[in-house]
Amino acid sequence: MPEIDDRLRNFVDFLGTQPMAPDLTYEEVAQSTSRAELGISSLNILILVNNYIEEKADGKIALRPEWVPMLDEVEGILSVIEEIDAGAPVEV
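Fair warning: this is a prediction, and the values are worked out from it, not measured in the lab.

Criteria and thresholds
- Residues numbered from 1 in each chain as written.
- Predicted model: local features only at pLDDT ≥ 70, side-chain atom pairs only at ≥ 80, totals over all residues.
- Heavy atoms only, no water.
- Helix = DSSP H or I, 4+ residues; strand = E, 2+ residues; numbered from the N terminus.
- Buried < 20%, exposed > 50% of the residue type's maximum accessible area, 1.4 Å probe, protein only.
- Polar contact = N/O pair within 3.5 Å; in protein donor to acceptor, adjacent residues only side chain to side chain.
- Contact = heavy atoms within 4.5 Å.
- Axes fitted to C-alpha atoms, helices over the stretch in contact; angles between N-to-C directions.
- Parallel < 35°, antiparallel > 145°, perpendicular 65-115°, else oblique.
- Left-handed = near helix turned anticlockwise from the far one by under 90°.
- Nonpolar A, V, L, I, M, F, W, Y, C, P; charged D, E, K, R; others polar.
- Salt bridge = Lys/Arg side-chain N within 4 Å of Asp/Glu carboxyl O.

J.: Looking at this structure, I do not really get the side chain of Ser34. What am I missing?
T.: Position of Ser34 among the secondary structure elements: in the loop between helix H2 (26-31) and helix H3 (35-38). The class of Ser34 is buried, set by a relative accessible area of 14%. Among the polar contacts listed, one links the side chain of Ser34 to the backbone nitrogen of Glu37, at a separation of 3.1 Å. Discounting chain neighbours no more than four positions away, the residues touching Ser34 are Asp72, Glu73 and Val74.

J.: Could you clarify how one ought to interpret the packing of helix H4 (residues 42-56) against helix H5 (residues 74-87) in this entry?
T.: Any two packed helices are characterised by how steeply their axes cross, that is the angle between the axes, and by the distance between the axes. Running from amino to carboxyl end, H4 crosses H5 at an angle of 20 degrees, the nearest separation of the two axes being 10 Å. As the angle between them shows, H4 and H5 are arranged roughly parallel. Seen along the crossing, H4 lies across H5 with a hand that is right-handed. Between H4, through Ile45, Val49, Tyr52, Ile53 and Lys56, and H5, the contact on the second element is made entirely by Ile77, Val80, Ile81, Ile84 and Asp85. Split by residue class, the contact of H4 with H5 holds eight nonpolar, no polar and two charged.

J.: What should I look at first to understand the side chain of Gln18 in this one?
T.: Position of Gln18 relative to the elements: it lies in the loop between helix H1 (6-15) and H2. Residue Gln18 is classed as buried on the basis of its relative accessible area, which comes to 11%. In this structure the side chain of Gln18 is engaged in a polar contact, spanning 3.0 Å, whose partner is the side chain of Thr17. Ignoring any residue separated from it by four or fewer positions in sequence, one finds Gln18 in contact with Leu48, Asn51 and Glu55.

J.: I keep staring at the pattern of salt bridges and nothing clicks. Help me out?
T.: A side chain of one charge can pair with a side chain of the opposite charge if their charged atoms are brought near each other. All chains considered together, the criterion is met by seven salt bridges. Of the charged contacts, one joins Asp5 and Arg7 as a salt bridge, the two residues approaching to 3.9 Å between their closest N and O atoms. The salt bridge partner of Arg7 is Glu75, with a shortest N-O separation of 2.6 Å. One end of the pair, Arg7, is in helix H1; the other, Glu75, is in helix H5, with 68 residues separating them in the sequence. Owing to a relative accessible area of 47%, Glu75 belongs among the partly exposed residues under this scheme. By sharing partners, the salt bridges in this structure join Asp5, Arg7, Glu75 and Glu82 into a single network.

J.: Is there a simple way to explain the environment of Arg35 in this structure?
T.: Within the secondary structure layout, Arg35 lies in helix H3. Residues Arg35 and Asp72, 37 residues apart in the sequence, show an inter-C-alpha distance of 5.2 Å. Residue contacts for Arg35: discarding those within four places in its chain leaves Ile40, Ser41, Ser42, Ile45, Leu71, Asp72, Glu73, Val74 and Ile77. There is a polar contact of 2.6 Å between the side chain of Arg35 and the backbone oxygen of Ile40.

Take a look at the structure:
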């Protein structure tokens, strides 16, 4: 079984809170390479990323056009999530 890193765990945990997201395990996401393999439509990944921004960055970050092509691959999705987390305000 592939090692489950923090980025993947964070993404899968977030998916579990979203009503339009498929019910995926850490292992299923770790073994997949594309968004399509996860059963997430192109529209739903945009909605999920926007919801992530709203929840984690309090809307202070906008969905960036350069992210869109990255959202077809699992590694790209994890990179976008990581970038959002890096730009999100720190909670005190």
